[in-house]
Amino acid sequence: MTDHAHHTYQWPRDQMVPTPETDLSLDQINLADPSLWARDDMDAVLALRREELPITQDEHRSTGSPFWSLTRWDHIAAVTSDSTTFSSIHGVAAANEPGDAHAASDTMIVMDPPLHTKARKLVNRGFTPRQVRALAPAVDRRVEAMIEDLRQKPTDANGYAHTDFVEDVAVRLPAAVICDMMGIPESDQNHMVDLTSRSLNPNGYGIHRDEVPTIAAEIDAYGLELAQSRIDNPTEDLTSLLVNGQIADAALAPDEIGAFFRLLVLAGNETTRNGLSHGMLTLSEWPDERQRWQDALGRDDEEDVAWSGSEEIVRWSSPVIHMKRNATRDAVIGDPESGEVEVAEGEKIVMWYTAANRDHRRFHDPYRFDILRSPNHQGGFGTGGAHFCLGANLARREIAITMTELLRAFPDIDVDGPIEKARSNFLHIITALPVRYTPT
Ligand code: HEM
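In this report, we go over the structure that sits alongside the text.

Criteria and cut-off values
- Residues numbered from 1 in each chain as written.
- Predicted model: local features only at pLDDT ≥ 70, side-chain atom pairs only at ≥ 80, totals over all residues.
- Heavy atoms only, no water.
- Helix = DSSP H or I, 4+ residues; strand = E, 2+ residues; numbered from the N terminus.
- Rg over C-alpha atoms; globule rule 2.2 N^0.38 Å.
- Buried < 20%, exposed > 50% of the residue type's maximum accessible area, 1.4 Å probe, protein only.
- Contact = heavy atoms within 4.5 Å.
- Areas by Shrake-Rupley, 256 points an atom, 1.4 Å probe, with all protein chains shown as cover.
- Lys, Arg positive; Asp, Glu negative; His and termini not counted.
- Charge placed at Lys NZ, Arg CZ, Asp CG, Glu CD.
- Near = heavy atom within 4 Å.
- Polar contact = N/O pair within 3.5 Å; in protein donor to acceptor, adjacent residues only side chain to side chain.
- Core = buried A, V, L, I, M, F, W, Y, C linked by side-chain atoms within 4.5 Å.

This brings us to the overall build of the chain. A tally of helices and strands in the chain yields 14 helices and 15 strands. In terms of overall dimensions, the chain is globule-like: its C-alpha atoms have a radius of gyration of 21 Å, near the 22 Å expected for 440 residues. Seen through its C-alpha atoms, the chain measures out along the principal axes to roughly 65 × 60 × 40 Å. When burial is assessed residue by residue, the chain has 56% of its 440 residues classed as buried. By sequence separation, contacts in the chain at least 24 residues apart represent 72% of the contacts at least 6 residues apart. Surface summary for the chain: the accessible area is close to 19,200 Å², and the carbon and sulfur share equals 49%. Computing the positive centroid from 41 side-chain charges and the negative centroid from 70, the chain places the two 3 Å apart.

The structure is reproduced here in structure tokens:
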């Protein structure tokens, strides 16, 4: 964990926010190095890479295992759009080696077409825009309950209540929503959240990587048990969908049901959690943008502003920092301007979505946080292709509703202490975010 101060930024709208600069030189940068990711100037480090060395190799010091690092939007999009040449089956984190056990093992995020296509079809029905719109009242209820709890907090001599945004908002909301969707009873939800957090961020919990499969097995077993109960008593939840679904024209085997269940709870929790925390932090850092959001409350375009603000929060924070693929054959990446690079069959290609999301070739004034940015086809949910985030619409809605209702209920809510972030180059994790607000 590392402490960070909280700054505020203001730039006149008629001036571009300058590209940040770092005092590191290219030969001091190894994106595999976790301590690098504790730095406050990572945006600058990635900018240097993206402009000067957009396709290069980094290396895991512990294993000596190299990987290609991509930092420009177009190069990354070319990889995600071609899952025949760039495979997911060896794991999607830079650290994953073929044959490793990891949190995502055996789930659709580590499958290639055509198997992936069939797996995804099975759960797609639960995540269509229509289905997600239908969930809005359930998300609203969860947000209301959370705000009600925040109102009950004791106040200090100045009338402020103090809380940790991560614990009381960011961890709670997405977990409750995805657990509701899966049909996990309230009494088991905390336990499930705990298991998913540990399996995705073992370092943060002092757990050895080798223990991750045991935690994964526990989640699977829980999912399977729930699934069994849905065979006898089918409901409208996603778990019922899994039991009644078929992949590759055969019924799902028990281990497949367990793995699916695990992917959905994992993917829906830690990601949206960090999106929410970064949302709170970023709005505190950019007071003019926060004011624009607040000014829209009660206006006809309130929902549009919230929706667009939520998209910008995901671009800005990139809760998933990277994804990896492995080349299935020798292939060329790049373009004449950047230079072309030949990658060999089997080599790893790491796509730094967080860098693509600041690429000026894609975004005007990329270092400005702009809640009304338009267009904003951003890469926080992936740059497209077969594995584009299944839960994007759900996550957008959760962030939009939560931030809107928090600003409405507590107009003065603000960050008021040191922020703690985990050292990870995979997930952009905030572990502590102290806030204060007047709980009226
Ligand atoms: C702000 C929150 C979220 C972010 C930033 C995020 C980001 C991502 C990213 C980057 C990918 C991989 C895309 C690729 O490499 O092409 C992904 C895949 C996925 N996400 Fe999300 N996600 C979020 C929320 C959710 C939620 C709420 C769910 C709900 C269950 C979810 C379910 C999934 C699933 C199942 C996949 C795998 C899709 C596949 O392999 O076809 N995500 N997400």
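Bringing the site of the ligand into the picture now. Surveying the vicinity of the ligand reveals 27 residues, the closest of which are His116, Arg120, Tyr353, His387 and Cys389. Arg120 is positioned such that a nitrogen or oxygen atom in its side chain is 2.7 Å from an oxygen atom of the ligand. A distance of 3.1 Å is found between an oxygen atom of the ligand and a side-chain nitrogen or oxygen belonging to Arg325. If you list the elements that add at least two residues to the shell around the ligand, you get α3 (115-124), α10 (254-285) and β8 (322-327). Sort the elements by how many residues they give to the shell around the ligand and α10 lands first, with six residues.

Negative phi values dominate among residues other than glycine, just as trans dominates among peptide bonds. That bond from Pro113 to Pro114 is cis: its omega, 5 degrees, falls within 30 degrees of zero. The residue after Ser374, namely Pro375, is reached through a cis peptide bond having omega 0 degrees. Looking at the element boundaries, Pro375 is found in the loop between α13 (353-356) and α14 (392-409). A positive phi angle is found at Ser318, which is not glycine, with a value near 35 degrees. Residue placement: Ser318 occurs in the loop between α12 (302-317) and β8. Backbone geometry at Asp365 places phi at a positive 50 degrees, although glycine is not the residue there. Counting through the fold element by element, Asp365 comes out in the loop between α13 and α14.

Here helix α2 (residues 73-80) lies mainly inside the structure; six of its eight residues are buried. Among the residues of α2, those classed as buried are Trp73, His75, Ile76, Ala77, Val79 and Thr80.

Let us now look at the nonpolar core. If you look at the biggest cluster of nonpolar residues, it comprises 81 residues, and the most contacted ones within it are Phe165, Ile184, Phe261 and Leu433. Among residues more than four places away in sequence, those in contact with Phe165 are Ala170, Leu276, Ser277, Met280, Leu406, Leu433 and Val435. Val79, Val92, Tyr353 and Ile429 belong to the second-largest nonpolar core, a separate cluster that totals 28 residues.

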